[in-house]
Each structure stands twice: as structure tokens, then as C-alpha cells.
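Observations on the three-dimensional arrangement
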Amino acid sequence: YQRRVHGHHTDDYEKQRPIKREDSDTKTSTDSNKSKGPTKSSKRNESERSARWYWKSDLRVKDDNSQGWAPYNWKDSDKIEEAYQSSQPTFKLNKRHTIDFRNMIQHRSTDYERQRGIKRVEVKNEDCSEVPAKKPRTTAISKSTTTITPKSSAKRVKADDDDEDDEDIKLPDGLAKILAPHMKMCHVPILEENEDDDIGDPLGSKIGGVPFMVAEDKWPTCKGCGQDLTFLFQVDLSKLSWSVQKGMLQGWICSNVGCASDPHASGHYVRVLLPHELLKTYNEILTDPFTPQNITGWTTKQDYPEQSEYPSICTEYDDEWDEISSNYPRSISKWGGWLRWNGNVDYPPCPDCKKSMDNVLLQIDVVKAIPDLYGEDAGLIALTQCRTHTTNYAMWMLEP
């Protein structure tokens, strides 16, 4: 059986996980009785939308003035609508905010007094055209967004920023001035999904699939639990216009959530193969790879930190930060930018200089890229580097 089906390794019976068979009718009836609210993967067809939810963005404006209300992005609005239709009294929208349908307010999950009004507005099917249309990717260069067009046509191409919860929004005036010096550019991969029987280009940039390895290489293992690590990504640094380093950056991570979630543990292996090493004979080590997502290009976007990165700004601009918390930092696969912590900021220390390894290289949305690795409740994978000792890396799963 394949690893992602959770049987045992064909060549090692001791490496095993239990599997179970569930009747489809039973599963359907069981799922219909659950009332845990919408899941990450639930998506509503535009033609099925009957309402959009809004929150009070300007407390100085009267409730009947539409200029004082801001719409939730469609993904959050659909989640709220689904919870509303299931008659839940409250619904936790994200780690920061909770919806109280009884009083029609949104409040901080940790502070009920920090609240804003919400309202439900019915829409016609044609009104759902408010969802931003996906713009065709061109080679035009703008001030905030550029696109590196892939050289060849892809079988199925998608940019990881093609998501309704990754909309670009205008920063509130007060916060915009404060965050301007902290804005970073991030690079979002354009992914081409391979067929199941295609391992892809050994030297190509990819998430999942099979890595480039040479004869003297051995498959890395987890220093925590001892099992084989899972190959996660490789990026050809020579093709990144913003990278001064050359070679092939590769990363493996433990499929055990406990090992992968600890930023101070050793449940990962990261290395850079130098250009001359890439000229060696390719050695295909037999593995059970996940379907590769080939990286065929990158789009460049602006990114901003979350509140926990700069607590000194919190007191004066708390409400303004709330307005952008669903959009920044971007919760997608990206190179650079800011990490989406969803909790306490905890950069691992460098083993040599003991300083925080806070140079953000990669953030990978593993739920989208490799959904069978950890399941739909997994957090984002972060890869950071020491700014002084550049061969020291940390890679771990952020809090979901």
C-alpha cells in the first residue's frame, strides 16, 4: 500500500499504520449529524450564495449608513452563513475572532468587550459577482505585483494566491503609516500538478515528488522518532532573481505531527546542493512520493506582519489591525514575507550564535500542496534561516 493510504511500507513491514474501511452510506449519515460548523475545505458555489456578512468597520457611523460597514471576504462570509443556518449560537471564525449570533456581534475570542456589530445582507445570485475575478497572468509589471511567466504550458496551472481569503486590501490610514517600514515582498509559487505516475523533473523546483539525489546520498531520518523523513520541497535558487545564493535548496520533514510541530526539535532536514553537485549522476532512491506540484513561476505581492510580531503597536492600533488580520500575513505558500503565526511568535535560536533564526525563506500550505501528509487540520510549514550562520535552518509546522 502507498504510504499516504496508511498501510505499511512494501519493503519494511515494521513501518506501518492502521487503516480502516468505512461504508460510504454510514459516513454520509454520520457526517450529516455533526454540527461542528464549516470545515476548511467547505466551499460554496457562487450560484448558491444567498447572503453576505458585514462587520462594523467605523463605529462613528450610524448603523443605517452602509459606509460604516465592511464585507467579510467571501470565504469567511460563507463560513459564517453556514454556521448561521445551522442555528449555532456562537461560531469561532478564527483564532482571534468569535461570532455571537444572539447579539449579532463579532468579538475577540479572549476579550468579549472588544466587539463590533455584524449584519447579514441577502444577495441575488448575480450579486456574487463581487468576488474578484481572477486576472489573466501576463508579463506586465506593476508597482505592487509582478509575474514570472512559465516558459512552457502546464497541464493544470494554479497560483497559490488564487484564493478568496488572500485578497489584497487597503490598509487603514493610521496603520498604513506605521506598517510601511515593515512591508516585505513575498513571492507566491505558480504550481503545475503532475499526474500520479509522473515523478517530474529531478532538477525541477517542486513541492512533493522525488528529490534530486546522488549516489552517496542516504535518505534522511527523524532524530526524534527515527522514522524516514518525508520529502517536502526543492527550489532551484539559481532561477530566483531575488536570491544571491545558488544551488538546489531541499527540505524533508517528519510525518509525525509531534516531531514536525516543535520548532526546537530535529524533525527535519534541510540542505543546499551546490551547482557543481547538481552535475553528478542522478540516483533515484526508491520512495513512495506524494504527487509533485511543479513550481513553474512566481508572482510577487506585498506582505505585512501580524500583531504579535510588533506588540508595542497593539495598544494604539488594535482595531485597525483587526481589520487586516484575515488577509495579512498571507496564509498561503510563499517565499519570504512574514510568517502566519496564529499564536505566539517563537523563532528558534541558531545553534551557533543563539540569535533567533528569523530570516523567513519559505512558508508552505501543506494542506493544499500535500493534503495526505497530515490531513486538513495541519498548520503551515515554516522554513527560516540564521542571518549570520546561513547554513543553519529551522523547519516546523506552525499552529493551525
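Here the structure is shown first, and the text comes after it.
This section reports on the structure supplied with the text. Computed from a predicted structure; not experimentally measured.

**Some remarks on the sheet that holds strand β7 (residues 105-108)**
- One open sheet holds the 6 strands; their spatial order is β4-β3-β8-β7-β6-β5, and the pairing between them is antiparallel. The open sheet is flanked by β4 (69-71) and β5 (90-92), the only strands paired with a single partner. Across the sheet, the mean angle from the axis of one strand to that of its neighbour is 30 degrees, orientation sign disregarded.
- In terms of strand pairing, strand β6 (residues 97-100) meets β7 through 4 bridges, oriented antiparallel. By the bridge assignment for β7, D100 is matched with I105.

**Observations regarding the state of the cysteines**
- For the structure shown, the criterion picks out 0 disulfides.
- No disulfide involves C222; its sulfur sits 3.8 Å from the nearest other cysteine sulfur, which is in C259.

**Regarding the packing of aromatic side chains**
- Under the defined criterion, the tally for this structure stands at 10 aromatic pairs.
- Considering the side-chain rings of W242 and W298, the 5.6 Å spacing of their centres and the 85 degrees angle between planes classify their relative orientation as edge-to-face. With W242 in the loop between β13 (230-236) and β14 (248-253) and W298 in strand β16 (residues 293-303), this residue pair connects regions lying 56 residues apart in the sequence.
- For W298, a relative accessible area of 6% puts it in the buried group.
- Between the aromatic rings of W252 and Y269, the centroid separation amounts to 5.5 Å while the plane-to-plane angle is 45 degrees, which identifies the pairing as tilted. Taken as a pair, W252 in strand β14 and Y269 in strand β15 (residues 268-273) lie far apart in primary sequence, 17 residues in all.
- What links up through ring pairs into an aromatic cluster is the set W219, F231, W252 and Y269.
- The ring of W338 has K184 sitting right over it, with the charged end atom 4.0 Å from the ring centre.

Here is what the cut-offs are and how they apply
- Residues numbered from 1 in each chain as written.
- Predicted model: local features only at pLDDT ≥ 70, side-chain atom pairs only at ≥ 80, totals over all residues.
- Heavy atoms only, no water.
- Pairing = 2+ DSSP bridges.
- Helix = DSSP H or I, 4+ residues; strand = E, 2+ residues; numbered from the N terminus.
- Axes fitted to C-alpha atoms, helices over the stretch in contact; angles between N-to-C directions.
- Disulfide = S-S within 2.5 Å.
- Phe/Tyr/Trp six-rings, centres within 6.5 Å; stacked < 30°, edge-to-face > 60°.
- Buried < 20%, exposed > 50% of the residue type's maximum accessible area, 1.4 Å probe, protein only.
- Lys NZ or Arg CZ within 6 Å of the ring centre and 35° of its normal.

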